[in-house]
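Here are the chains, one letter per residue:
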Amino acid sequence: MLTVIRTTWALLLGMFLLQVGNGLQGSLMGVRGAIEGFSTFELSLIGSAYFVGFLGGSSMAPKFISSVGHVRVFAALGSFISAIVITYPIVTEPWAWMLLRVALGFCLSGVYVTAESWLNNSATNATRGQSLSAYMLMQMMGLVAGQGILAAGDPSGWILFIIPSILVSLSFAPILLSAVPTPAIEATRPMTLRKLYDTSPFGMIGMLFMGGVFAGQFAMAPVYATELGLSLGQLSGFISSFFVGAIVLQYPIGWMSDRMDRRVLIIGAAVAGAVVAIGGVFLADSFSVLLAIAALSGGLAQPLYALLLAYTNDYLEVEDMPAASGGMIFVNGIGAISGPPVMGLLMGVMGPSGFWMFLAIVLLLVAAYGLYRMTQRMSAYVEEDDYDAVPYANIMPGTASPVAIETAQELYVEAAEEMADDSEGDT
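Keep in mind the model is a prediction, meaning the values are calculated, not measured.

Conventions we followed
- Residues numbered from 1 in each chain as written.
- Predicted model: local features only at pLDDT ≥ 70, side-chain atom pairs only at ≥ 80, totals over all residues.
- Heavy atoms only, no water.
- Helix = DSSP H or I, 4+ residues; strand = E, 2+ residues; numbered from the N terminus.
- Buried < 20%, exposed > 50% of the residue type's maximum accessible area, 1.4 Å probe, protein only.
- Contact = heavy atoms within 4.5 Å.
- Areas by Shrake-Rupley, 256 points an atom, 1.4 Å probe, with all protein chains shown as cover.
- Patch = residues over 30% accessible without salt bridge, like charges linked within 9 Å, V, L, I, M, F, W, Y side chains within 5 Å.
- Salt bridge = Lys/Arg side-chain N within 4 Å of Asp/Glu carboxyl O.
- Axes fitted to C-alpha atoms, helices over the stretch in contact; angles between N-to-C directions.
- Parallel < 35°, antiparallel > 145°, perpendicular 65-115°, else oblique.
- Left-handed = near helix turned anticlockwise from the far one by under 90°.
- Nonpolar A, V, L, I, M, F, W, Y, C, P; charged D, E, K, R; others polar.
- Polar contact = N/O pair within 3.5 Å; in protein donor to acceptor, adjacent residues only side chain to side chain.

Focus: the overall build of the protein
A count of helices and strands for the protein gives 15 helices and zero strands. For the protein, the residues scored as buried account for 57% of the 427 residues in total. Sequence separation of at least 24 residues holds for 87% of the intrachain contacts in the protein that already meet a minimum separation of 6. For the protein, the exposed area adds up to about 16400 Å²; of that, 66% sits on carbon and sulfur atoms.

Written out as structure tokens, the structure is:
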């Protein structure tokens, strides 16, 4: 890991600073929107708009890069992001913020594609898994750090919009000044949704549902905390808890997934997450309990993205694994776009508790569909020492770009090929 950090420190530092700014402005939207008098549903549409742009940027960024190169795309998108963040307090209208969030999601997606292709190019087969893990960990830590800055500022003024603009501008300096050569990049290879569904119905439908869960936690948590009447410091701690829980529970859940039927683990984590969310409906009066609920909610839900990816790969041929990533990203993006508005409507009816009720309902739908699929197909898992499913790999948030997903898929391919070689050697 130290070797990885030494060779990619510029990229890791740049992405950390970028995520500090991104985490700060993402939470600030809910708080400042409430101050400006935006309704819960308007804030949910603003949250959803980010994922509209993100999904579009994921498909368009490779085309831009192939046309004008990494450096120009990186610099241009970075300039746009810095300008977008500082524009929010100038035009405080819901429609304007929606457009800005679409643009922000598009630009951030393009930046992720560019940065992650650089990271993938600089890694070797031996270090690719560690590089991806370090990169995703730095993203999570940046999101948490952004909440600390939010707690120290005044959301009704300008300073909290200026700080992320500065951080975003600074984040590109170490990356653009590093000596890492720019790689060639290819667009994510396609796989039809029909073929993806036929290969793994539970993987595809589970990814659709989890897109709504991830987007709800990311976009609507600040709105929920504001409606609950939390102080700015409490709001920051609450949002941070989701990411801290994800960091802490990612490895134990991943370790278990290689030693049991992944469907059982996915269903169990989804049911446990639903129970935790129901606890949030009734136990939100105690802030310390609320922090624990948020940490468990993030810790149980966030790893399901990589779990569903690993489960889908269990039923794919090695040559189809990279192609499947495009379909998984698209399905997850559709869920992410749909999640915040539905959650916003539910919160409009139930009040703040609708936040937790939405998470509980969607996670129970994941579990219910998983139980149904267990009656339709035998598991890839067998209770012997020769279980040959490809190992679970890496922390993978729900907003990962196509390059990160394809890098994870490359790790699965390498593992599958090594397992095949070992099997031939044994015979």
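Next comes the rest of the account.
Comments concerning a nonpolar patch on the surface
Together, Ile 86, Ile 90, Val 91, Trp 95, Leu 99 and Trp 158 give the surface a local cluster of nonpolar side chains, amounting to about 610 Å² of exposed area. Within the secondary structure, Val 91 is located in the loop between helix 3 (70–87) and helix 4 (94–122).

Some remarks on the packing of helix 10 (residues 262–282) against helix 12 (residues 304–313)
Any two packed helices are characterised by the angle at which their axes cross and by the distance between the axes. Helix 12 packs onto helix 10 with a crossing angle of 155° between their chain directions and a minimal axis gap of 10 Å. By the angle between their axes, helix 10 is roughly antiparallel relative to helix 12. The way helix 10 lies across helix 12 gives a crossing that is left-handed. Contacts between helix 10 and helix 12 pair Arg 262, Arg 263, Leu 265, Ile 266, Ala 269 and Ala 270 from the former with Leu 304, Leu 307, Leu 308, Ala 310 and Tyr 311 from the latter. Tallied by class, residues from the contact of helix 10 with helix 12 come to nine nonpolar, no polar and two charged.

What to know about the side chain of Arg 32
Mapped onto the elements, Arg 32 comes out in helix 1 (residues 2–35). A polar atom in the side chain of Arg 32 sits 2.9 Å from the backbone oxygen of Gly 157. Not counting residues within four places of it along the chain, the set of residues in contact with Arg 32 comprises Pro 89, Trp 97, Pro 155, Ser 156, Gly 157 and Phe 161.

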